[in-house]
Amino acid sequence: MLYSTGSTETEESLLYRLCPVTKLFSAVVIILSAFLLPGSPNGGVIIIILLLPLLYKAGILIKYLKTLTVFLLSFVIFILLIYTFFLPVEATDSVKLLTITVNVEGANRAFFIIQRVAVLMATLLLFSMTTSPQRLVKDLYSRNCHPTICYIILSSYGLIPMMRDRAQAIQQSQKARGLEIEGSLAQRIRSLLPLITPLVISVFSNVEERAAALEVKGFRLSGPKSSLNPIVEMRWEGLLRLLCVCISAGILGQWLWRQYI
Amino acid sequence: MCMYQRRNLGAMVMASVHLKEFSYSYPFTSSPALNTIDLMIPSGSFVLVAGAGGAGKTSFCYSVSGLIPHFYKGQSEGTVCINGTDITNVTMHDLTGLVGQVFQNPHNQLSCTAQTVREELACTMENLGIESEVMHRRIQETLGMCGIEHLAERLPTSLSGGQTQCVVLASVLVLQPDILVLDEPLSQLDPHGRQLIIELLKKLNREGKTIIVATVNPAELFHCADKVVVLTDGAIVCNDTPRRALRRLLTASSGVLVPEILRMVAQAQRQGCWSGDEMPITLDEIAEGFRTWQQT
C-alpha cells in the first residue's frame with residue numbers, strides 16, 4: 001500500500017491530521033487547476049512545491065520523491081522522445097543536433113503535458129501516502145456518503161491483500177503441478193492463463209461473501225450512526241473546504257466559458 | 001430475550017428458529033441448495049449442522065441469519081421464522097442485533113474501515129447508532145471474554161488466521177445477539193484457539209444463547225451439542241442427539257469427518273471389547289468404556 005506511517009511525528013503532522021475529505025477537496029482543486037486553467041499548470045506545481053516542507057516535517061519527503069520519480073520517469077522519457085524526435089516538424093521549429101532533428105515545438109508540448117501529468121500524479125500520491133483508506137471511508141461514511149461509494153472503496157481496498165495472498169497460493173500450487181512459470185517470455189505468457197483464471201474466479205466468489213458480510217454489519221442501514229473514535233477536524237477545515245468548492249466552481253466556470261461562449 | 005431453559009428441548013416452546021418446509025435455490029441454478037428443510041431449533045439450544053462440502057451448510061447458515069432471502073435472491077419456498085416471525089417480513093436492520101453470523105472465511109468479514117481491533121468491534125455498533133459509552137463498555141467486556149485484550153490496538157488485517165477468527169467472533173458477540181450462527185468457526189484455529197472458542201461457545205450457550213455451528217468435523221463439538229443435524233444434498237438426513245447421530249455417521253456415508261478413535265470404539269464395541277450402550281462423545285467416556293470392559 002502507498003499509505004505509509006510508522007512514527008508518531010508522522011501521524012501527528014498536519015498532512016496526516018487533516019480530514020481525508022478536506023484533503024480530497026484540496027486535491028480536486030489542484031488537479032482541476034492543472035488541467036482546466038489556461039496556460040502552463042504552474043499553479044499546481046507551486047502548490048506541490050509549497051507542500052514539500054510539510055512532507056519533510058512528516059518524515060516522508062524522500063520516500064515521496066522516490067516514489068514519484070519511479071512513477072513518472074518512464075512516462076517522461078517516453079513523451080519527450082515521441083514529441084521531440086518522432087513528430088513531423090516544420091523547418092522553422094527544428095534544431096539540428098549532429099544528425100538528429102529536434103522538434104522544439106514538440107519539446108515544448110511535451111513539457112506542458114509532463115507538467116500536467118506530474119501535478120496529477122504528485123497530488124494523488126500525496127493524498128494516498130498521507131491518507132489511510134480506513135480513515136477515508138470512515139470520514140465519508142460519517143458524512144452520510146452513499147454506502148455504495150464506501151462499499152466500492154472498501155471492497156477494492158480489502159481485495160488487494162486478499163488477491164496478493166491468493167495469487168501467491170495459486171502460483172505455488174500451479175508450480176507444484178508442474179506448470180513452468182519461469183523461463184523464456186513465451187513460457188511465461190503460456191503460464192498466464194492457468195494462473196489468472198483461478199485468481200479471477202476466487203476473487204469474484206470472495207467479493208460476494210465480503211458484500212454479504214458488510215450487509216450483516218449493517219453498512220447499508222439508514223438512520224443515525226455513531227462513532228467510537230470520531231474523526232476530529234480542525235476549526236478552519238470547513239472554511240478550507242468551502243474555499244475549495246468556490247475555487248473549483250470558478251475554474252469550471254471559466255473553462256465552460258472558454259469552451260462554449 | 002431468552003425465554004427457555006437450556007436442554008428443555010422436550011417441552012412445547014415457541015421455536016427460536018423454525019424452518020418450515022424451506023427450500024432454496026441460488027439464482028441461475030437448477031438444483032436446490034436447501035431441500036424441504038423442516039427443523040425447529042428451540043431457544044437456548046446448541047445445534048451442530050454437519051455435512052460434506054456442498055451439502056448446504058453455508059446456505060443453511062445464510063437462511064437463519066436472513067442473508068437468504070434479503071441479500072441472496074433466488075427461489076425459495078416455505079418459511080424461516082425467528083421467534084415466531086417470518087424473516088421475510090423483517091429487515092436486515094431488525095436481524096442485525098438478533099442473529100450474529102460468523103462467516104466461513106474470517107478475512108472476508110473484516111470491515112476494512114477499522115485501524116484497530118477495538119474499532120473493528122465497534123463497526124456494526126456504529127452503524128446501529130449505539131452510544132459511544134456503551135460501545136466502549138461492551139468492547140472491553142467482549143475483548144476480555146474472547147481473551148484477545150492483547151490484540152485490541154493491532155491492525156485487523158495484520159492478524160493471523162486464528163486471531164482473525166477470534167476477532168470476527170468477538171465483533172459478532174459484541175452485538176449481544178440471541179442467536180449465534182457460526183460457519184466452520186474452528187477451521188483456522190490451532191488446538192489452543194479451538195479449545196478457547198469451544199469453551200466460549202459453551203459459556204455463551206449456558207448463558208442462554210442459541211448456538212448453531214455448521215461444520216464438516218462435528219466430533220469436537222459433540223459434547224456441547226444438544227442436536228446434530230446432518231445435511232446431504234441440501235436435505236436433512238439425520239436430526240438426533242450427538243450419540244445417536246454419531247452411530248448413524250459411522251454407518252452411513254455422509255462425507256462428515258468422524259475421528260478414527262470413534263471408529264475404533266465402534267469396532268471394539270461390535271467385537272465386545274468395549275462396554276457401553278451408547279456411543280461415547282468424550283475421551284473420558286471412551287476410557288471409561290474400556291475400563292468397565294476390562295473389569296468385567
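Residues numbered from 1 in each chain as written. Chains lettered and ligands numbered in written order. Predicted model: local features only at pLDDT ≥ 70, side-chain atom pairs only at ≥ 80, totals over all residues.

(A) Seen up close, the overall build of chain A. Tallying secondary structure elements over chain A gives ten helices and two strands in all. Mapped from its N terminus to its C terminus, chain A presents α and β elements in the order α-α-α-α-α-β-β-α-α-α-α-α. The C-alpha radius of gyration computed for chain A amounts to 23 Å, which surpasses the reference 18 Å derived for 261 residues by more than 25%, pointing to a less compact arrangement than a globule. Judged by the C-alpha coordinates and their principal axes, chain A covers about 70 × 60 × 45 Å. By the burial criterion, 21% of the 261 residues in chain A qualify as buried. Sequence-distant contacts in chain A: of pairs separated by 6 or more residues, those separated by 24 or more amount to 71%. (Helix = DSSP H or I, 4+ residues; strand = E, 2+ residues; numbered from the N terminus. Rg over C-alpha atoms; globule rule 2.2 N^0.38 Å. Buried ≥ 20, exposed ≤ 12 C-beta atoms within 10 Å, placed from the backbone. Contact = placed C-beta atoms within 7 Å.)

(B) Examining the overall build of chain B more closely. Scanning chain B from terminus to terminus reveals ten helices and ten strands. Relative to a compact globule of 296 residues, whose C-alpha radius of gyration would be 19 Å, chain B shows 20 Å and is just as compact. Taken over the C-alpha atoms alone, chain B extends approximately 65 × 45 × 35 Å along its principal axes. Per-residue burial for chain B yields a buried fraction of 45% across its 296 residues.

(C) Inspection of the environment of A:Pro38 at higher detail. Residues and elements named next belong to chain A. Mapped onto the fold, proline 38 is located in the loop between helix 3 (20-36) and helix 4 (42-58). Judged by the 7 C-beta atoms lying within 10 Å of it, proline 38 is exposed. Through-space distance from the C-alpha of proline 38 to that of leucine 87 is 24 Å; in sequence the pair is 49 residues apart.

(D) Representation of the confidence of the model for chain A. Overall, the prediction assigns chain A a mean pLDDT of 81, with 91% of residues at 70 or greater. When pLDDT is averaged over each element of chain A, helix 10 (residues 237-260) of chain A comes out on top at 92 and helix 1 (residues 8-12) of chain A at the bottom at 63. (pLDDT = per-residue confidence, 0-100.)

(E) Examining the interface of chain A and chain B more closely. Chain A puts 27 residues into the contact, and the matching count from chain B is 30 residues. Of all the secondary-structure elements, those providing two or more residues to the side of chain A that touches chain B are helix 7 (133-142), helix 8 (147-176) and helix 9 (185-216) of chain A. Considering each element in turn, the side of chain A that touches chain B owes the most residues, seven residues, to helix 9 of chain A. Residues of the side of chain A that touches chain B, tallied by class, amount to twelve nonpolar, nine polar and six charged. (Nonpolar A, V, L, I, M, F, W, Y, C, P; charged D, E, K, R; others polar.)

(F) Quick peek at the packing of helix 5 (residues 132-146) of chain B against helix 6 (residues 161-173) of chain B. All names here are of chain B. Look at helix 5 against helix 6: their axes get within 10 Å of each other, and the N-to-C directions meet at 135 degrees. In terms of their interaxial angle, helix 5 and helix 6 are classed as oblique. Here helix 5 runs over helix 6; the crossing is right-handed. Two secondary-structure elements touch here, helix 5 through Thr142, Leu143, Met145 and Cys146 and helix 6 through Cys166, Leu169, Ala170 and Leu173. Tallied by class, the residues present in the contact of helix 5 with helix 6 amount to seven nonpolar, one polar and no charged. (Axes fitted to C-alpha atoms, helices over the stretch in contact; angles between N-to-C directions. Parallel < 35°, antiparallel > 145°, perpendicular 65-115°, else oblique. Left-handed = near helix turned anticlockwise from the far one by under 90°.)

(G) Spatial organisation of the packing of helix 4 (residues 117-128) of chain B against helix 6 of chain B. Residue and element names in this part refer to chain B. Relative orientation of the contacting elements helix 4 and helix 6 amounts to 40 degrees, with a least axis distance of 8 Å. By the angle between their directions, the pair helix 4 and helix 6 is classed as oblique. As for the relative orientation of helix 4 and helix 6, their crossing is right-handed in sense. For the pair helix 4 and helix 6, the contacting residues are Val117, Glu120, Leu121, Cys123 and Thr124 in the first and Val167, Ala170 and Ser171 in the second. Broken down by class, the residue content of the contact of helix 4 with helix 6 amounts to five nonpolar, two polar and one charged.

(H) Representation of the pairing of strand 2 (residues 100-103) of chain A in the model. Residues and elements named next belong to chain A. As paired strands, strand 1 (residues 94-97) and strand 2 are joined by four bridges and run antiparallel to one another. Bridged to lysine 96 within strand 2 is threonine 101. Counting the residues between successive antiparallel strands, the hairpin from strand 1 to strand 2 contains two residues, one of them, leucine 98, with a positive phi of roughly 55 degrees. (Pairing = 2+ DSSP bridges.)

(I) A look at helix 6 of chain B. Residues and elements named next belong to chain B. With 13 residues, helix 6 extends 18 Å between its outermost C-alpha atoms, agreeing within 8% with the 18 Å of an ideal straight helix rising 1.5 Å per residue. Of all the 13 residues making up helix 6, eleven are buried; the element is thus mostly covered by neighbouring parts of the structure. Among the residues of helix 6, those classed as buried are Gln163, Thr164, Gln165, Cys166, Val167, Val168, Leu169, Ala170, Ser171, Val172 and Leu173. Taken together, the buried residues of helix 6 touch strand 6 (99-102), helix 4, helix 5, strand 7 (179-183) and helix 7 (191-206). (Expected span 1.5 Å × (residues − 1).)

(J) Focus on the confidence of the model for chain B. Residue and element names in this part refer to chain B. This prediction gives chain B a mean pLDDT of 86; 95% of its residues lie at or above 70. Confidence over residues 1-15 falls short of pLDDT 50; this stretch has 27 contacts with residues more than four positions distant or in other chains. Model confidence for the complex: the whole-complex pTM is 0.75, and ipTM, which rates the interface, is 0.79.

(K) The arrangement of the nonpolar core in detail. Counting 89 residues, the largest nonpolar core has B:Leu48, B:Val49, B:Leu169, B:Ala170, B:Ile212 and B:Val230 as its most contacted members. For this core, the leading source of residues is helix 6 of chain B, giving seven residues. Look past the residues within four positions of B:Leu169 in its chain and what remains in contact with it is B:Val102, B:Cys146, B:Pro185 and B:Ile197. By size, the runner-up hydrophobic cluster in this structure holds 17 residues, among which are A:Val29, A:Ile48, A:Leu55 and A:Ile60. (Core = buried A, V, L, I, M, F, W, Y, C linked by C-beta atoms within 7 Å.)

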